Amino acid sequence: MTVSGSVAIIGAGLAGLGLAQALLKAGLSGEHLQVFEAHSVGAGASGLPAALMHLTPGRSLFPKPGYAPCFAFSQAWLEALQSDSAEPLAAPLLLLRPALDGAVASRFERSYARLEPGLPAQISRLSAAQAAVYRPLFALPELTATYAVQPAWRVAMPALIQRLSQTIQQAGVVMHLERVRCLLPPSTLASRQGWQVQTQSGLHSFERVVLAVAADLPLWFPELPLQRMRGEVAVFQHPQFEGLNTALSSGGYVLPLGGQRVLAGPTFYPAEQPCQSPEWSVQQIRQGLAAIVPAMAEAELEQLWSGVRTLVKHQREPLVGAVPGFHQLYVFSAFATKGLLQIPWLAQALAELLLQDRDRIPDYFKAGRFPLESWRLACP
Ligand SMILES: Cc1cc2nc3c(=O)[nH]c(=O)nc-3n(C[C@H](O)[C@H](O)[C@H](O)COP(=O)(O)OP(=O)(O)OC[C@H]3O[C@@H](n4cnc5c(N)ncnc54)[C@H](O)[C@@H]3O)c2cc1C
């Protein structure tokens, strides 16, 4: 099916590029789609060296509403991209979730008891003998349980972003490397050309516009209850990490990257605060994990990366779909630290909404769960 009508996506991170790919797949011709990016493709939160995708992000083992279909979709999406690419993009691995204290242990136990059959990943409690296999690299607690989630996915973010960017440019999508300064709604125009996207080079007309601007979203909608949290992750090397194919998440995470390298982190503090020194960030990451991954104490630092995630306060679920009060304006942002889990499935759902007027976006992810007055549009 070929669908016409022009669409502008603002922001070329995982959200913007994932949506562009979904729109093309759903039948939009590349000549009807344009992407605007203020810096370079993947320059924002999507530029982290690697990322983890799994079914149980958060404080319990019980997948939140919508996470199971999102995970199943992301998994198939990553597998399809990988099967079509010579470069390593994504690989499955085992994820350990140790309960480090009594409170976490009882939370995990309660949520484990509520798990239903048919989940797209297996969640199991390790026996003492099974846990012993992962020692001494991981100093798993002996008095509380450790759970295993399988599969989880390691994703090479720069390679994934590159791949998506190539795919959409090969389809003829124009990528403007310039910042969008303002959006002018159709009603404010003398001409009846739809939305006007204003950049340094002039005005561009589109029937529909999608904001996938992540950390800049509060500048466009200052009344939304958003929080910008900065975080650092670091790549470390240590001979003990050689051959490791198991990730661990216990507040912070350790994600094996192959050879003797792991990605570890993250830190978490308000983006409005001054940026912490690299020494502080590295120390935080080491300290946060040293009790459970002793090798972290002397692992050699290779790279430190810093980025900002945008969260909806208290809910921490993304904002997806039509912006209340504006015809043909959409938002696809605030994915916090769950971009890989949520973006692929929700990109497909948003593409269906834009092109087929079919709305499958669950209410708890919808932009429209916030009232009209939260959506006062400003120019950043
Ligand atoms: C420390 C840290 C660790 C993380 N770990 C994980 C993880 O393990 N797993 C996981 O799934 N996720 C993780 N995330 C989150 C993940 O990075 C995000 O969910 C995802 O990358 C968000 O993609 P995005 O496209 O919404 O944002 P971004 O990648 O930030 O893209 C937004 C883009 O919009 C552009 N833009 C903004 N304003 C304008 C404008 N006016 N005009 C044009 N362009 C504009 C920006 O330049 C940027 O490129 C982590 C994030 C951080 C910070």
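Residues numbered from 1 in each chain as written. Predicted model: local features only at pLDDT ≥ 70, side-chain atom pairs only at ≥ 80, totals over all residues.

Novice: How should I be thinking about the overall build of the chain in this particular structure?
Specialist: When helices and strands are tallied, the chain shows eight helices and 19 strands. Taken over C-alpha atoms, the radius of gyration comes to 21 Å for the chain, in line with the 21 Å a tight globule of 380 residues would show. Viewed in the frame of its principal axes, the chain has a C-alpha envelope of about 70 × 45 × 45 Å. Out of the 380 residues belonging to the chain, those deemed buried represent 44%. (Helix = DSSP H or I, 4+ residues; strand = E, 2+ residues; numbered from the N terminus. Rg over C-alpha atoms; globule rule 2.2 N^0.38 Å. Buried ≥ 20, exposed ≤ 12 C-beta atoms within 10 Å, placed from the backbone.)

Novice: Can you help me understand the site of the ligand in this one?
Specialist: The ligand sits among 41 residues. The nearest are G11, G13, G44, G231 and G339. At the level of elements, α1 (14–25), β3 (51–53), β12 (226–237), β17 (300–312) and α8 (339–356) are the ones that each hand at least two residues to the shell around the ligand. Classifying every residue of the shell around the ligand gives 24 nonpolar, twelve polar and five charged. Two domains each put at least three residues into the shell around the ligand: domain 1 (7–47 + 159–223 + 314–374) and domain 3 (226–312). (Near = placed C-beta within 6 Å. Nonpolar A, V, L, I, M, F, W, Y, C, P; charged D, E, K, R; others polar. Domains from an automatic or database assignment.)

Novice: Teacher, can you tell me more about the packing of α1 against α8 here?
Specialist: Angle between the axes and distance between the axes: these two values describe a pair of packed helices. Put simply, α1 and α8 touch, their axes get as near as 8 Å, and they point 45° apart. With respect to their mutual orientation, α1 and α8 come out oblique. For the pair α1 and α8, the sense of crossing is right-handed. Packed against α1, whose contacting residues are L14, A15, G18, L19, A22 and L23, the element α8 presents G339, I343, P344, A347, Q348, L350, A351, L354 and L355 at the interface. Of the residues assigned to the contact of α1 with α8, the class counts are twelve nonpolar, three polar and no charged. (Axes fitted to C-alpha atoms, helices over the stretch in contact; angles between N-to-C directions. Parallel < 35°, antiparallel > 145°, perpendicular 65-115°, else oblique. Left-handed = near helix turned anticlockwise from the far one by under 90°. Contact = placed C-beta atoms within 7 Å.)

Novice: Which parts of the structure should I look at to understand the pairing of strand β1 (residues 7–10)?
Specialist: In summary, the side chains of a regular strand alternate between the two faces of the sheet. In β1, alternate side chains face the same way, and those of V7 and I9 on one face and A8 and I10 on the other are all buried. Inspection of the sheet shows β1 paired to strand β2 (residues 33–36) by four bridges, in the parallel sense. Looking at β2, one finds that I9 is bridged to V35. After leaving β1, the chain enters α1 and then returns to the sheet as β2, a path that is right-handed. (Pairing = 2+ DSSP bridges. Right-handed = clockwise from strand over helix to strand, strands pointing away.)

Novice: Teacher, can you tell me more about the pairing of β2 here?
Specialist: As defined by bridge partners, β2 adjoins strand β7 (residues 174–176) across three bridges and the pair is classed as parallel. Among the inter-strand pairings, F36 is bridged to a residue of β7, identified as H176.

Novice: Where do I start with the domain arrangement of the chain in this structure?
Specialist: Entries for the chain in the domain assignment read domain 1 (7–47 + 159–223 + 314–374), domain 2 (69–153) and domain 3 (226–312). In this complex, domain 2 contributes twelve residues to the contact, which on the side of domain 3 involves twelve residues. Among the elements that line the side of domain 2 that touches domain 3, the one with the most residues is strand β4 (residues 90–98), at six residues. Counted by class, the side of domain 2 that touches domain 3 contains eleven nonpolar, no polar and one charged residues.

Novice: What should I look at first to understand α8 in this one?
Specialist: For the α-helix, the turn length of 3.6 residues means that residues three or four positions removed from each other point alike. Compared with an ideal rise of 1.5 Å per residue, which puts 18 residues at 26 Å, α8 spans 24 Å between its outermost C-alpha atoms and is within 8% of the ideal. With 14 of 18 residues buried, α8 is to be regarded as a mostly interior element. D357 occupies a position one or two residues after α8 and carries a positive phi of about 60°. (Expected span 1.5 Å × (residues − 1).)

Novice: Please explain the sheet that holds strand β18 (residues 319–322) as it appears in this structure.
Specialist: Sheet strands pair via backbone hydrogen bonds, and the direction of the pair is either parallel or antiparallel. The strand order β7-β2-β1-β11-β19-β18 describes an open sheet built from six strands, whose pairing is mixed. Unpaired on one side and paired on the other, β7 and β18 mark the two borders of the sheet. Strand after strand, the sheet turns through a mean of 20° between neighbouring axes, direction not considered.

Novice: Help me understand the sheet that holds strand β10 (residues 202–206), please; the structure alone is not making it clear to me.
Specialist: Strand order in the open sheet formed by three strands is β8-β9-β10, with antiparallel pairing between adjacent strands. Only two strands of the sheet have a single partner each, and these edge strands are β8 (182–184) and β10. Put simply, the sheet's adjacent strands are angled 25° from each other on average, direction ignored. As defined by bridge partners, strand β9 (residues 195–199) adjoins β10 across five bridges and the pair is classed as antiparallel. Each bridged residue has a counterpart across the sheet, and for T199 the counterpart in β10 is G202.

Novice: Before we go on, may I ask you to explain unusual backbone geometry in this structure?
Specialist: Most peptide bonds adopt trans geometry, and most residues besides glycine take a negative phi value. P151 follows Q150 through a cis peptide bond whose omega is 0°. Note that P151 resides in strand β6 (residues 146–155). Omega for the peptide link from G265 to P266 comes to -10°, which places this bond in the cis form. Structurally, P266 can be placed in the loop between β15 (261–265) and β16 (269–270). Positioned with a positive phi, A214 is a non-glycine residue whose angle comes to about 50°. Position of A214 among the secondary structure elements: in the loop between β11 (208–211) and α6 (217–220). The class of A214 is buried, set by 25 C-beta atoms lying within 10 Å. If you check the backbone angles, H314 has positive phi at about 65° while not being a glycine. Note that H314 resides in the loop between β17 and β18. Judged by the 8 C-beta atoms lying within 10 Å of it, H314 is exposed.

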